[in-house]
Amino acid sequence: MTKALSTSSNSRPRQLLTRILEEPELVSIVQGLEAPVLSRLIDHIGLEDSGEIVALATTEQLKKIFDDDLWRSAKPGKDPAFDAERFSLWLQVMMEAGVEFAAQKLAELDEDLVTLAVCKQALVINLDALAERMSGNSRSDEDDLTDKALESCLYEEFAEYQIIARDPQGWDALIAVLVELDKNHHDFLMRVLERCCYISTEYIDDNGGLFNVLDSEEMLESDVAADREDRREAEGYVAPSAAASFLDLARVTPTEELIANRATDPVTRSYFKSLERAAKEAAEKGPTQALPSQKVEKFLQELREAEVLEEPAQHPLLAAGAPRAAHTEPLFKLAVLAVRDRQPKAYMDRLRELSYLANVLISGCSYAGRTFRPLEAADAAVAVCNLGMERLLRDAAGNRPGDPTVDDAAELLERQELVKLFQVGWSLLHRDVQMFTARTLQDVLTRLAEGQRDTGKSKELTRMAATLKADVNAGKPTRSRGRLDGLGHVLERQVIVAVKALLSEYPFLPRAIAGGAKETDKRDARFIFTQQQIQAVQAFVQGRLFSEAAPPGAAG
């Protein structure tokens, strides 16, 4: 680059953009970036200020960025929904490069996606059909209301179609680009409007007529979402619903059944088949055009120095052996490294499986109330696999004395896929941490309710104990996590925080058990990865809950 990007914490994204735009070979560099990197750069600068960079992006880059950026999930495990407002903003940014550019890009995108985007922003009706319906001899009050509603709406006509704004935000950009499509991509536009009209008509009929839905925002998008998930699955992502299903199945299946089961679960089977299919299709297409690697790598390093991108981190399995201040190195990591030296193919298979499991956690599970970060998810997956490996090694050893060795663990990993280890470990976390904690808390609440002299407080505790029991019987103790703050009058705050950690979707060690270590001290310092830690959790739960609870009747 002609100038180094500023690493100062006071450097503003706009200043960063200015320096990037000074790069004489900017076009080849931007188009040589992988879509996730370009997306991260745009996000850092701010989409509203990134028009110059967006104008240089290829259609393939935009397609992949849209697959990620235009969909929002309420929480891990919930399938994302199309974000119409975000698409409207993207359209306005693309318009900065000219309406011809924006229209050309839309014409090159998947027709399903463009149709969905237009449907989300507008209703499309057939004027001839509407006129025929409203020209009958007996006009209803609803027809008059529809006339008035149409008069107050923003709308535009294209051939036999009338496009009615559902949201005025971004309307001008939408109409401008549709006009350009009509001029230079007429057939494409007519296909999109025809499909939108069909969808709008069905939607209007199902919701009580045009007047009732002029301000509605719901639209069918399952087909587009499914196509998106197929593309992302081919790139290694796991759909949130599939990830949540995988985790739920491992929770509810008895540990012994998971150990005995030899069949691969449907979610995992589908995932790896998609990867194999994508690899086969890529091989048939032949090698892709070589990227300007030297320029791009130099640019990436500049972005790392400007803290736009993180420094490349060592894979969690390759980082084994580093000194640990607060906890022991998981045997699993040492065993995988031994497999690397003994069976390179098995080692690569284990890395591939670990990436899958990390993606499952990112898509289907929250950690401490938020989404897992990538390396954090990999460390969490390692911890769960270590639990499962311990259990399988213990079963294999029988009554033999002594702890399993690295060689014992490596022999297991040479023949055993990580998915089973993870499922067994996940089952143990659910049964021996979450369910154990919830049942113990239920017993404590029942005891406190029986000892309360205040009738109102006794009933409240009894009700909470019954609710917790129902969650336990349903196998979903995490549902009670959000109610724990209401126990401040009978449990110490530290105990409530600890129980909430153990009842999280991904249960983790409270600081009281993890030696007071801060979460930022070590990425995996608070992940439960040994049976010994589970025993410490159970001892803590039994001891603290019963001893720290206010003495019966004291609050009365």
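To be clear, the structure that these remarks concern was listed above.
Heads up: these notes are all about the structure in this document. The model shown is predicted, which means the values in this text are computed figures rather than measured ones.

### Some points on the environment of Glu414
Along the chain, Glu414 falls in helix H22 (residues 406-415). The partly exposed category is assigned to Glu414, whose relative accessible area is 27%. With 71 residues separating them along the chain, Glu414 and Gln343 place their C-alpha atoms 7.1 Å apart. Leaving out residues up to four positions away in the same chain, Glu414 has contacts with Val339, Arg342, Gln343, Ala346 and Arg350. For Glu414, the side chain forms a polar contact with the side chain of Arg342, separated by 2.9 Å.

### Considering the packing of aromatic side chains
Applying the stated criterion to the full structure yields 16 aromatic pairs. Aromatic pair Phe246 and Tyr356: ring centres 5.9 Å apart, planes at 75°, arrangement edge-to-face. Here Phe246, found in helix H15 (residues 240-252), pairs with Tyr356, found in helix H20 (residues 344-364); they are 110 residues apart in sequence, far enough to count as distant. Each member of the pair, Phe246 as well as Tyr356, carries the same accessibility label: buried. Ring geometry for Tyr271 against Phe272: centres 5.0 Å apart, planes inclined by 90°, an arrangement best described as edge-to-face.

### Section: the nonpolar core
Ranked by size, the top nonpolar core spans 89 residues in total, and within it Tyr356, Leu361, Phe422, Trp426, Leu487 and Tyr506 carry the most contacts. Sorting elements by how many residues they give to this core places helix H23 (residues 418-451) first, with 17 residues. Not counting residues within four places of it along the chain, the set of residues in contact with Leu487 comprises Leu441, Leu445, Leu461, Met464 and Ile496. Core analysis: the next-biggest nonpolar cluster, separate from the first, contains 70 residues, Leu17, Val30, Leu193 and Ala306 among them.

### Some words on the environment of Ala159
Mapped onto the elements, Ala159 comes out in the loop between strand E4 (155-158) and strand E5 (161-165). Of the residues examined, Ala159 reaches a relative accessible area of 58% and is grouped as exposed. Put simply, Ala159 and Asp182 are 23 residues apart on the chain and 9.6 Å apart in space, counted from C-alpha to C-alpha. The residues touching Ala159, leaving out its near neighbours within four places in the chain, are Leu127 and Met190.

Cut-offs applied
Residues numbered from 1 in each chain as written. Predicted model: local features only at pLDDT ≥ 70, side-chain atom pairs only at ≥ 80, totals over all residues. Heavy atoms only, no water. Helix = DSSP H or I, 4+ residues; strand = E, 2+ residues; numbered from the N terminus. Buried < 20%, exposed > 50% of the residue type's maximum accessible area, 1.4 Å probe, protein only. Contact = heavy atoms within 4.5 Å. Polar contact = N/O pair within 3.5 Å; in protein donor to acceptor, adjacent residues only side chain to side chain. Phe/Tyr/Trp six-rings, centres within 6.5 Å; stacked < 30°, edge-to-face > 60°. Core = buried A, V, L, I, M, F, W, Y, C linked by side-chain atoms within 4.5 Å.

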